[in-house]
Each structure stands twice: as C-alpha cells, then as structure tokens.
Amino acid sequence: AVVSTQSTGDERGITLRFGTPHIINEISFQLPGNNKESNEVYSSYRLAISLNGESWKGVADYSSYHCHGLQRIQLREPRAVGWIRIVGTWCSTSKNFCIEEASVRYLPSVDVVSVDPNGVIEPRGNVATIERGAIVVEGVSKYRSTLLNGNTTQYDWEDGYTCHQVGSGAIIVLLPQPYLISSLSMLLWDCDNRCYSYVISVSKNRRDWIDVVDHSRLQCSSWQHLTFSRTPTSYIRVIGTQNSANSVFHLIHMELPSHRKQCEEEEEEEDTVHPYSSAASAVSRPEIDGVETLERQLEAARIIQ
C-alpha cells in the first residue's frame, strides 16, 4: 500500500505523478477511518488534476465536509491527466493528513446522476451501505451495522433495529464522502400498529444541521419514502419525536437515495443514453484497466511530497 502524509494546510499537498498521461474519469484513494468506534478518523481535503504539472484544475473541494475510508472522485467528463494533487485541510485526530492507497481508472459509464461544481456526486444507487463505507455514529443497537446491512425482513421485539430514547439523542449515519441527496427511504419498526413521528436533518460536519423533513406532527408507520431539496451532505440524522406505544424510537433500515425514486428514474431513462456513455465513446481506453495501485498501473509512477 502507498502511505503518504502531509501537514494539514500545506498547499503543496500530496502530488501523484503518472509516467505518461492517461484518460480517466475516476480517482480513488483510501483515507484513515474504519468501523471501530474507538478509532474513528475524519478528514477534509481538496483535489486537483493537471496534464503537465503546471496548470491545475480543481475537481473536488471537500474542505468543509467530514470524510473517511474509501474516496471515489468521479469527473464530470473523461480527462487526460498526468498529475493529481490532494491537499488535506483538516484531520480530526492530528495535524497530519494521510492517504494509504490511490488508484485511477476509466469507466465507459459511471453510476452517478450528476456532479456539482465542488465535485460532490449525486448517486444513482444506495450509498448508505456497509459496502460503500457508511457507518452509524450514534444510535443504540445490538450490532452497529444493523441499520445499514440491507435486512428489511428479519426483525422482531428483541433484535434487528437501531433506536434512541425520545427526547434524548438521535440516530446518525455518516457517509464516507459527501453526496448530493434529494430522497431517502427508511423502514420504521412495524411489528404492531404503533405510529412514530420524526425529524430528519443533514450536515456537512455534525455541527451545522439543516432540517430536510419534519414529520413531528404526523403519525407515521412502516416504510417512509421521502423527497426534499437536493442537498450536499455527509451526515444524516433522524430524531424520533414520538412513539405511540412507548418512549423509544425504532428504525429498521435506511437507504439513500430512495429506492422508489430510483425505480421511477430508471423507468423514465430506460431508452435514454447516459451522458457519460456518449462522452466515453469519444475517447480511447487508457492502457490501465481496473483498479490497481498507481505503482502497478504506471511503471514511472512516483509520489512527490
């Protein structure tokens, strides 16, 4: 694995140089951070690309977001790239910004709807999964992964849910990187006829919150399919405000974007060529294929700090 470190705020950043330029549309690298509650590390950064190492174009500015684990930066269109610069702006545990691995690739199509000016992706598939690196950072459950493990059928009075006391605490999910989100599906515990009320908020940094759904005065049960204004976010918070049976709010499953919205979009776009596909056809595939570390992809790759 490639391990490279810079002091946060050092504008020289971590620079990756290819032996020869390649046409790519995805850049991936690994930040510290895992699912162990005692070892959570969050970072913020900016990323720029260059063909010649002199003229740079910023493609991702996540300097105001908390990020962890695997980062996947997808470009709005394929580009010829010879250099990549990652500038760490903040780290939760030290003054050093660290990446552990880096890779690039060209994909004929990518699983995104759009990319905003700061490089924040609007995803097409569910990003609130264990496989995508999402974690639950607040909420009570027998297993920390319960909310994000995809189980929507096997739950009962004793197991299969994440909860918090009404009037105290919340259920909070942290995504690995910011995403543009405009919909959400979640399953409330529904083994009887009880109803719940709740408020959903999103945040970049777990400090400043924006309310996107307020169902504090509604009686809600079972599946909730919710839409709201498209918002870039790293954190999703659900605060239960009422349970008609007791004083605990129970949540079985969460996914975003909403699977109902995904199905509607797929039906509308069934006969439509995705813009990434047409753009990809106009460029040649680079010599690299698949995700490998930069040393294996390019013989002349080297890291300059």
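For every chain, the first residue of the written sequence is number 1, and numbering continues from 1 onward in sequence order. Residues qualify for local features only when their pLDDT is at least 70, as the model is predicted, and side-chain atom pairs are given and counted only at 80 or more; totals for whole chains, interfaces and linings, by contrast, use all residues. Hydrogens and waters are ignored; side-chain quantities use all the structure's heavy atoms.

Trainee: How should I be thinking about the overall build of the protein in this particular structure?
Mentor: Each helix is a run of DSSP H or I of at least 4 residues and each strand a run of E of at least 2, with the numbering of both proceeding from the N terminus. The number of helices and strands found in the protein is three helices and 17 strands. Here a residue-residue contact requires only that any non-hydrogen atoms of the pair lie within 4.5 Å. Contacts spanning at least 24 positions in sequence make up 80% of the contacts within the protein whose residues lie at least 6 apart. Surface exposure of the protein reaches about 14300 Å², of which carbon and sulfur atoms provide 44%. Surface exposure here means Shrake-Rupley accessible area, sampled with a 1.4 Å probe, where a residue is shielded only by the protein chains that are shown.

Trainee: In this structure, what is going on with the pattern of salt bridges? I would like to understand it.
Mentor: Proximity of charged atoms lets side chains of opposite charge pair with each other. A carboxyl oxygen of Asp or Glu within 4 Å of a side-chain nitrogen of Lys or Arg is what we treat as a salt bridge. Within the structure shown, the criterion is met by seven salt bridges. Each member of the salt-bridge network shares a partner with another, and the members are Glu 26, Arg 72 and Arg 105.

Trainee: Before we go on, may I ask you to explain the packing of aromatic side chains in this structure?
Mentor: Centre distance and the angle of the planes are the two values used to describe a pair of aromatic rings. Each Phe, Tyr or Trp ring (for Trp, its six-membered ring) is paired with any other whose centre lies within 6.5 Å, and the angle between the two planes then decides the class: stacked below 30 degrees, edge-to-face above 60, tilted in between. Per the counting criterion, the structure on display carries eight aromatic pairs. Taken together, a centroid distance of 4.8 Å and an interplanar angle of 65° make the contact between Trp 157 and Trp 189 edge-to-face. With a gap of 32 residues between them, Trp 157 in the loop between strand S10 (135-138) and strand S11 (162-165) and Trp 189 in the loop between strand S12 (171-188) and strand S13 (196-203) connect regions that are remote in the sequence. An aromatic cluster of at least three residues, connected via ring pairs, comprises Phe 29, Tyr 45, Tyr 62, Tyr 65 and Phe 97. By definition, being over a ring means that NZ of Lys or CZ of Arg is both within 6 Å of the ring centre and within 35 degrees of the ring normal. Lying over the aromatic face of Trp 56, Arg 85 brings its terminal NZ or CZ to 4.1 Å of the ring centre. Across the ring face of Trp 209, the terminal group of Arg 237 is positioned such that the distance to the ring centre comes to 4.2 Å.

Trainee: Before we go on, may I ask you to explain the nonpolar core in this structure?
Mentor: Most often, soluble globular proteins have nonpolar side chains that are buried together. Think of a nonpolar core as a cluster: buried Ala, Val, Leu, Ile, Met, Phe, Trp, Tyr and Cys residues, connected wherever their side-chain atoms sit within 4.5 Å. When accessible area is computed with a 1.4 Å probe and restricted to protein chains, residues below 20% of their type maximum are described as buried, those above 50% as exposed, and intermediate ones as partly exposed. Membership of the largest hydrophobic core comes to 40 residues, with the highest contact counts inside it found for Leu 175, Leu 184, Tyr 198, Ile 200, Leu 251, Met 254 and Leu 256. For this core, the secondary-structure elements that each account for two or more residues are S12, S13, strand S14 (209-220), strand S15 (223-243) and strand S16 (248-255). With nine residues, S12 is the single largest residue contributor to this core. Counting residues in each nonpolar core, the second largest holds 26 residues, with Ile 14, Phe 29, Tyr 62 and Val 120 among its members.

Trainee: In this structure, what is going on with the side chain of Thr 162? I would like to understand it.
Mentor: Relative to the helices and strands, Thr 162 is located in strand S11. On the basis of relative accessible area, Thr 162 is assigned to the buried category, the value being 0%.

Trainee: Got a minute to help me understand unusual backbone geometry in this structure?
Mentor: Glycine aside, residues mostly have negative phi, and peptide bonds are mostly found in the trans state. Note the cis peptide between Leu 256 and Pro 257, where omega equals 0°. Here Pro 257 is to be found in the loop between S16 and helix H1 (259-268). The phi dihedral of Arg 206 falls on the positive side, at around 70°, and the residue is not glycine. Here Arg 206 lies in the loop between S13 and S14.

Trainee: Explain the confidence of the model for the protein to me, please; I cannot follow it from the model alone.
Mentor: The predictor reports its confidence for every residue as pLDDT, a score running from 0 up to 100. Of the residues in the protein, 80% have a pLDDT of 70 or more, and the chain-wide mean is 84. When the criterion is pLDDT under 50, residues 271-305 qualifies, and its contacts beyond four places in sequence or with other chains add up to 75 contacts.

Trainee: I tried to follow the pairing of strand S3 (residues 43-50) on my own but got confused; where do I start?
Mentor: Look at any regular strand and the pattern is simple: side chains alternate between the two faces of the sheet. Judged by how many residues are buried, S3 sits mostly within the fold: seven of eight residues are covered. For two strands to be treated as a pair, DSSP must find no fewer than two bridges joining them. Two strands pair when backbone bridges link them, and S3 and strand S5 (residues 70-91) are joined in this way by eight bridges, in the antiparallel orientation. Residue pairing in the sheet places Ala 48 in a bridge with Arg 85 of S5. When S3 meets strand S4 (residues 56-61), the two strands line up antiparallel, connected through five bridges. Within the sheet, the bridge partner assigned to Ser 50 lies in S4 and is Trp 56. In this structure, the hairpin formed by S3 and S4 is closed by a connection of five residues, where Gly 53 is found at a positive phi of approximately 80°.

Trainee: Would you mind showing me how to read the state of the cysteines here?
Mentor: Structurally, a disulfide amounts to a covalent bond that connects the sulfur atoms of two cysteines. Cysteine sulfur pairs qualify as disulfides if the two atoms are within 2.5 Å. The final tally for this structure, using the stated rule, is zero disulfides. Take Cys 91: it sits in no disulfide, and the sulfur closest to it among the cysteines is that of Cys 98, at 8.5 Å.

Trainee: Honestly, the environment of Arg 132 in this entry has me stumped. Any pointers?
Mentor: Here Arg 132 lies in the loop between strand S9 (121-123) and S10. In this structure, the C-alpha to C-alpha distance between Arg 132 and Gln 177, residues 45 residues apart in sequence, is 9.8 Å. Within the structure, the side chain of Arg 132 is placed 3.4 Å from the side chain of Tyr 179, a separation counted as a polar contact. Here a polar contact is taken to be a pair of N or O atoms separated by no more than 3.5 Å, where protein atoms must pair a possible hydrogen donor with a possible acceptor and residues adjacent in sequence count only if both atoms sit in side chains.

Trainee: Got a minute to help me understand the environment of Ser 145 in this structure?
Mentor: Structurally, the position occupied by Ser 145 is in the loop between S10 and S11. Residue classification places Ser 145 among the partly exposed residues on the basis of a relative accessible area of 32%. In the structure, Ser 145 is positioned 15 residues away from Gly 160 in sequence and 9.9 Å away in space, judged by C-alpha atoms.

Trainee: Can you help me understand the side chain of Asn 151 in this one?
Mentor: Within the secondary structure, Asn 151 sits in the loop between S10 and S11. Among the polar contacts listed, one links the side chain of Asn 151 to the backbone nitrogen of Thr 153, at a separation of 3.2 Å. Leave out the neighbours within four places in its chain, and Asn 151 touches Ile 252 and His 253.

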